[in-house]
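As a plain string of letters, each chain reads:
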Amino acid sequence: MFRQPTREDILFEPLKSNSLKFYGFVALLLAVIGWAAYAYYVQLRDGLGVTGLRDYVFWGIYMTNFVFFIGISHAGTLISAILRVTGAEWRRPITRMAEAITVFALLIGGPMIIIDMGHPERLLNLLRYGRFQSPILWDLISIATYITGSLMYLYLPMIPDLAQCRDRLTDAPAWKRFIYRTLALGWRGGEEQKHKLERGVAIMAVLIIPVAVSVHTVVSWIFGMTLRPGWHSTIFGPYFVVGAIFSGIAALLLAMAIFRKVYHLEAYLEDKHFRNLGLLLLVMDIVYIYFTLSEYLTMIYGNDVADQRVLQLLFTGDFAMAFWAMILVGFLLPAFMLGLPNLITVAPRPTARLTVLRPFVAMGALAVFAVMAFSPASASASFQLVSLWPVVRMLSIVVALGGLLWLALPWMRAHSIATIVIASILINLAMWLKRYIIIVPTLYSPRTPIQDVPWEWAHYAPTWVEWSITAGAFAMFILLYTLFSKMFPIVSIWETSGEEHAAAHGAKGEANV
Amino acid sequence: MHFVPPGQEWIKVFKNRDNHVADAYWFPRPCMQCDNSPCAKVCPVGATFKREDGIVLVDQERCIGCRYCIAACPYGSRSFNWVEPPHTPQELAAKYSVELNYPHRKGVVEKCIFCPTLAREGKLPACAQACTMNAIYFGDQVEDVVTNHAGVSVSFTQLIREKGGFSFMEDLGTEPRVWYLPPRDRVYAAPKG
Ligand code: SF4
Ligand code: SF4
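In short, a report on the structure.

Rules of the game
- Residues numbered from 1 in each chain as written.
- Chains lettered and ligands numbered in written order.
- Predicted model: local features only at pLDDT ≥ 70, side-chain atom pairs only at ≥ 80, totals over all residues.
- Heavy atoms only, no water.
- Patch = residues over 30% accessible without salt bridge, like charges linked within 9 Å, V, L, I, M, F, W, Y side chains within 5 Å.
- Areas by Shrake-Rupley, 256 points an atom, 1.4 Å probe, with all protein chains shown as cover.
- Salt bridge = Lys/Arg side-chain N within 4 Å of Asp/Glu carboxyl O.
- Helix = DSSP H or I, 4+ residues; strand = E, 2+ residues; numbered from the N terminus.
- Near = heavy atom within 4 Å.
- Nonpolar A, V, L, I, M, F, W, Y, C, P; charged D, E, K, R; others polar.
- Contact = heavy atoms within 4.5 Å.
- Buried area = accessible area lost by both parts, 1.4 Å probe.
- Polar contact = N/O pair within 3.5 Å; in protein donor to acceptor, adjacent residues only side chain to side chain.
- Buried < 20%, exposed > 50% of the residue type's maximum accessible area, 1.4 Å probe, protein only.

## A closer look at a nonpolar patch on the surface
In step 1: A surface patch of nonpolar side chains, about 520 Å² in accessible area, is lined by L124, L127, F132, L140 and I141 of chain A.
In step 2: For F132 of chain A, the position within the fold is in the loop between α6 (125-128) and α7 (135-155).

The following block contains the structure:
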C-alpha cells in the first residue's frame, strides 16, 4: 500500500470550514447550557431546596453525574496509556479522541460536586482548612492531579500536529494561527525534538495510570468509608475502577462512531478499531458482571438485616425496574451483542424456514417480556430467596430477551459496527443508572429507621432544576468536545502517518489484537 | 430555645422495638456526641469538630454544605438547611456563635449541640430542663455525676451498672456518649407497635 496524499487532508477538513449545521448544533447546545445556567441561578437563589433532595436522600443525580463523568474520563487512560505502554499499535488513530474525553469529562465531572454544595462560594475552605483525613480531600487532590496530568498527556502528543496546523492552515483567522503558533512551541520536527517528545509521552503514559486508578478508587471511597449498608464495601475501589474503564470504552466507541460519520474518517477508524475496542469492552463487561455478582451475592448470602433492606429495594422494591433493566439490558444484553457474533460462526441463512415466522416469534417474545417486566413484583412485599415468582419472572424475561437476541443475530453479524455502537449506548445508559442505584437506595434505608416524616422527605425524585443542570452538563461536555475537534485534528497525524508503512510490512496492527 | 428551623428535629423520638417479643418503647435520639465521631472524621474543612470537653459542634461559618457528615452519621442526627430558614427578630438579634448555631442560615448542616452555653452557666441542657418526667439526666462523665430536671444527682456508673444502661449501635465503634436505661417496672403502658 502506498501513501495516499488525501488521507491527511480529511483530518484538516473540519478545521477549515464550519457548516451551517455546525452553527445550528452549537446554538442548540448553548441554549441547553443557558437554560441550565438559569436553573443553577434559581438553585443559588433559593437554596438546594429546589432539588428533590432532603435530609434522608441528601445526594442524588448531581453525585450520579459526578461519578459518571469521572468514570468515562477513564477512556483516555485506558486507550492512550495502557495500550501505549503495552505497545498495541492499532490504538494510534483513537488516542487523541480518548484523551480529549478524559480532559473534558473531568472538567465537567469535577464541578458537579461544586454544584451539589450548599455553599459553593466557600470552595476555597477546602484549601484553607482542608483536613487530610476526609476522603473529599483525597478526591480533590487526586482529581486535580488527574486533570493536570491528562491535560499534559493530551497536549504533549499534540505538539507536532499543532506545528502542522501552524504550517498548513495559513489562511486561518489570526487568533487561530496565534493559538497554533504559541502551542506548537517552535516545533520543527528534528530528530532530537522527536526523541525528547517521545520520552516525555512515554513517561506520562506510565505516570497517568496509577493516577487514574487512584481517582476512581477515592471516588468510590467517598461512599465506601461511611458506615452505610450498600456503601461500606471493601470491593468498592476496584469495582469502581473497572466500571470506569468499562464506561470509558463505551463512551469512546460512541465518540468514534460519531466522528467517523460526521468527519468521514473511515480511512482512519477502520472496522478493526471498532472490533478490537468492542472485544475490550466485552472483557470489561464480563469483569463488571463478575464484580456485580460478587458484591450482591455476598450481601444476599450474609443476610444482614441492614443489607437486606437495600437489596429488597433493588430486587423487588422501588428500584427494581431500574435495577433489572440495568442488569439485563445494560450489562447482559451488550455482553451477548459483543460476544455472540464472534462466537457463532455459522453463516447467516436469510432463506431459512424461520424467516416467515420471524415477526411472530419476535412479537411473542416482546409480549412475554412486556408482561413479565411490568407485572407486579410479587405478592409479598419483602424479598425472599425461596419465593418462586421472581425466579419465574426472571427466567421468562431472560428467555424472551434471548429469543429476540437470537432472531437479531443475523442482522448483528451483518452490521457489526452498528451492533457495537448500540451496545455502547446501552452500556453508557446502564452505567449512569448504576451510579444512581449505588447512591439512592442506600439513602432510602439508613441504619436509624425513617419514622414520622412526610413521604417526600423519605423519597427522591429529581426536580426540573436537577434535570436541567444535568442536561447542561452533558451539553457542555459535547460542546467542549465538538469545539476541540473543530480546532485541532481529532486524529493524531504524526502518529498515524507511519502506520501505513507498518500495514505494508505485515499488518502489525492486527498482530497486536 | 434554639429557634430550630422547621423540618429539623434535634432530638427526635423514635418508637423502637428490639424484637417481636419485647414491647416497644420510646426512644429519644439527640446527637450522640460520639467520642469517635464519624461525622467529624469525614468533614473536609473541619467545620464539624469535637471539642476537648467531648461536645461535637458545627461551625456554620465554615461549612461548605457538602453533606458528607450526614452520610457518615449512623444515627441520622444531622439536618441540612435546604432553604433559608424563617427567622424571628430575637433569633436575628443574637450574634452568631458555634455554641448557639443561630441565626440559622441556608446551605449548612445543623444538629443537637448539647447546649454548651447552658453548660457554661451550670444549667441543664434545654431537653433535660424541659423533661418534666425527669427521664433525662445530664452530667460530666469524668466527674461521674448526672442530674435530671428534678435536681436529683446520681452516680453515672452506678446508674448504668444497676439499671443495665446501654448506648445505641455501639457496635459501630462510634463510642456514643448518650446512654439509655432499658424500660423496667413500667408506670405507663408501652407504646403500641
Ligand atoms: S450522633 Fe451523628 S452527628 Fe452526633 S456525633 Fe455521632 S456521628 Fe456526629
Ligand atoms: S456539610 Fe459542612 S459540616 Fe458536614 S462535612 Fe460538609 S463541610 Fe463538614
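## Some remarks on the site of ligand 1
In step 1: Residues in contact with ligand 1 amount to 13 residues; listed here are only the nearest, C31, M32, C34, C39 and C73 of chain B.
In step 2: Of the residues assigned to the shell around ligand 1, the class counts are eight nonpolar, three polar and two charged.

## Some points on the interface of chain A and chain B
In step 1: Each partner contributes residues to the interface: chain A has 41 residues there, and chain B has 40 residues.
In step 2: Buried area between chain A and chain B, both sides added, is near 3200 Å², and the carbon and sulfur share of it is 56%.
In step 3: When residues of chain A are sorted by the area they lose upon contact with chain B, D55, R122 and T448 of chain A head the list and together hold 18% of the total.
In step 4: Taken together, chain A and chain B are joined by one salt bridge.
In step 5: Linking R67 of chain B and D116 of chain A is a salt bridge whose minimum nitrogen-to-oxygen distance equals 2.9 Å.
In step 6: Across the chain A-chain B interface, the total number found is 28 residue pairs in polar contact (both at pLDDT 80 or more).
In step 7: Sorting the residues of the side of chain A that touches chain B by element identifies α2 (20-46), α6, α7 and α10 (191-224) of chain A as the ones contributing at least two each.

## Some thoughts on the pattern of salt bridges
Residues and elements named next belong to chain B.
In step 1: Using the criterion set out here, one finds 19 salt bridges over all chains in the structure.
In step 2: Among the salt bridges present, the one from D35 reaches K50, with a minimum N-O distance of 3.0 Å. Taken as a pair, D35 in the loop between β2 (25-29) and α1 (38-42) and K50 in strand β3 (residues 48-50) lie far apart in primary sequence, 15 residues in all.
In step 3: Residue classification places D35 among the partly exposed positions, given a relative accessible area of 33%.
In step 4: Using a relative accessible area of 36% as the deciding quantity, one classes K50 as partly exposed.
In step 5: Residues R105 and E61 are paired through a salt bridge, measuring 3.7 Å at the closest nitrogen-oxygen approach. Of this pair, R105 sits in the loop between α3 (89-93) and β6 (109-110) while E61 sits in the loop between β4 (56-58) and α2 (68-72), placing them 44 residues apart in sequence.
In step 6: On the basis of relative accessibility, which here comes to 47%, the residue E61 falls in the partly exposed class.
In step 7: Here the salt bridges do not stand alone but share partners, grouping R51, D53, E99 and R120 into one network.

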